[in-house]
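Examination of the molecular architecture
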Amino acid sequence: RSGYEIKKQPDQIPAGTQYLHLPVMEEANETLSKDIRYHLENRIYEGFEPANQIQVAYGQFPTKFTPEYKTYIHTILEAKGSPVLWHCTAGKDRTGYAAAILLRLLGVDQKVICEDYLLSNKYAKLIDEKVLTAVLFRGPKAYKMLKPLMRVHEQWIETAFTSLKSEWGNFQTYVNQALGLSAADVKKLQDALLE
């Protein structure tokens, strides 16, 4: 999560837990949050599509935020199968990409990864309640603006993997050069996390 999100709602860490902060979309997240609030408060909905900004962010996950995702993967590798919790605020975009690259490292088929990613839409009831609250106070145009943000979309994760391929050539190069993993590292991950 960004520093802005943590300031608004700090994590509550159980005793004995090692905490690692890897902010993805640090400035962009604060800007987007303030833009959304401004448009809601002023009831300006025409021409503002924040979901487009989220899709742009997906394209940056495998490029601009390579150091954060590299640290994330190495943290899981170093845990040697011990529990690791990773999360963002909504638990679907930054976290969704993180889960997707881990699953791909474990040899999961791209189609299955996409199906797993889309499960967020099935389990988003709490987020739906927040959107419905926005409808009560702001009306249907606010709902129409916010609803896409409360979901994941197949084209978003595809944008991330298209960007990855464009930047790195293929997933194997991304693994070796961006994530800094050797074949032996990938094997250790698989041995620790697969049955």
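The structure this text deals with has already been given above.
Report on the accompanying structure. (Residues numbered from 1 in each chain as written. Predicted model: local features only at pLDDT ≥ 70, side-chain atom pairs only at ≥ 80, totals over all residues. Heavy atoms only, no water.)

**Thoughts on the environment of Tyr-38**
Heads up, the rule is: We count a stretch as a helix when DSSP gives it H or I for four or more residues in a row; a strand needs E for two or more, and each element gets its number in order from the N terminus.
Counting through the fold element by element, Tyr-38 comes out in helix α2 (residues 26–41). Along the chain, Tyr-38 and Glu-195 lie 157 residues apart, while their C-alpha atoms are 49 Å from each other.

**What to know about the pattern of salt bridges**
Using the following cut-off: For this analysis, a salt bridge means a side-chain nitrogen from Lys or Arg found within 4 Å of a carboxyl oxygen belonging to Asp or Glu. With a 1.4 Å probe rolled over the protein chains alone, any residue whose accessible area is under 20% of its type maximum counts as buried; one over 50% counts as exposed, and the rest are partly exposed.
Under the definition given, this model contains four salt bridges. Asp-11 is the salt-bridge partner of Arg-1, the closest N and O atoms lying 3.4 Å from each other. Residue Arg-1 is found in the segment before α1 (3–8), and its partner Asp-11 is found in the loop between α1 and α2; the two are separated by ten residues along the sequence. With a relative accessible area of 9%, Arg-1 lands in the buried category.

**Quick notes on the layout of surface pockets**
As a reminder, the rule being used: Cavity means a closed set of points on a 1 Å grid over the protein atoms alone, one where a 1.4 Å probe fits but cannot get out, pocket means an open set with protein on both sides within 12 Å along at least 5 of 7 lines, and lining means a residue has an atom within 4 Å of a point. Grid points are joined across faces, edges and corners, and a volume is the space filled by probe spheres set on the points. Polar here means any residue outside two lists: the nonpolar Ala, Val, Leu, Ile, Met, Phe, Trp, Tyr, Cys and Pro, and the charged Asp, Glu, Lys and Arg; Gly therefore counts as polar.
Counted as a void, the second largest pocket has a volume near 810 Å³. Sorting the residues of the lining of the second largest pocket by element identifies α4 (66–79) and α5 (94–105) as the ones contributing at least two each. Ranked by residue count, the leading element in the lining of the second largest pocket is α4, at six residues. Classifying every residue of the lining of the second largest pocket by side-chain character gives 16 nonpolar, seven polar and five charged.

**Examining the state of the cysteines**
Let me state the cut-off plainly: When two cysteine sulfur atoms are found within 2.5 Å, that pair is recorded as a disulfide.
Taken as a whole and judged by the stated rule, the model has zero disulfides. Free cysteine Cys-88: the closest other cysteine sulfur is in Cys-114, separated by 17 Å. For Cys-88, a relative accessible area of 7% puts it in the buried group.

**Some thoughts on the side chain of Ser-163**
Which entries qualify depends on this criterion: Residue contacts are defined here by distance: any two heavy atoms, one from each residue, within 4.5 Å place the two residues in contact.
Counting through the fold element by element, Ser-163 comes out in helix α9 (residues 154–168). Non-local contacts of Ser-163, meaning those with residues more than four positions away in its chain, are made with Gly-59, Pro-62 and Thr-63.

**So, the packing of aromatic side chains**
Threshold: Working definition: rings of Phe, Tyr and Trp (its six-membered ring) pair if their centres are within 6.5 Å, and the pair is stacked with planes under 30 degrees apart, edge-to-face with planes over 60 apart, and tilted otherwise.
Scanning all chains against the criterion turns up eleven aromatic pairs. Look at Tyr-58 and Tyr-117: their rings are 6.2 Å apart centre to centre, the planes differ by 85 degrees, and that puts the pair in the edge-to-face class. Remark: Tyr-117 occurs in helix α6 (residues 110–118) and Tyr-58 occurs in helix α3 (residues 50–60); sequence separation between them is 59 residues. Tyr-58 sits in the buried class, given a relative accessible area of 0%. Among the residues examined, Tyr-117 registers a relative accessible area of 4% and is labelled buried. Look at Phe-61 and Tyr-97: their rings are 5.6 Å apart centre to centre, the planes differ by 40 degrees, and that puts the pair in the tilted class. Residue Phe-61 is found in the loop between α3 and α4, and its partner Tyr-97 is found in helix α5; the two are separated by 36 residues along the sequence. Among the aromatic residues, ring-to-ring pairing joins Tyr-58, Phe-61, Tyr-69, Tyr-72, Trp-86, Tyr-97, Tyr-117, Trp-156 and Phe-161 into one connected group.

**Brief notes about a negative patch on the surface**
The condition that has to hold: By definition, no residue in a patch forms a salt bridge, and every one has over 30% relative accessible area; like charges are joined within 9 Å, nonpolar side chains (Val, Leu, Ile, Met, Phe, Trp, Tyr) within 5 Å. Surface accessibility in these figures is a Shrake-Rupley result with a 1.4 Å probe; residues are shielded only by whichever protein chains are displayed. Only four residue types enter the charge count, namely Lys and Arg as positive and Asp and Glu as negative; His and the chain termini do not. Each charge is placed at NZ for Lys, CZ for Arg, CG for Asp and CD for Glu.
Side chains of Asp-109, Glu-115, Asp-116, Glu-154 and Glu-158 sit close together on the surface and give a patch of like negative charge. Elements represented by at least two residues in the negative patch include exactly α6 and α9. Looking at the secondary structure, you find Glu-115 in helix α6. Exposure remark for Glu-115: the relative accessible area of 43% places this residue in the partly exposed category.

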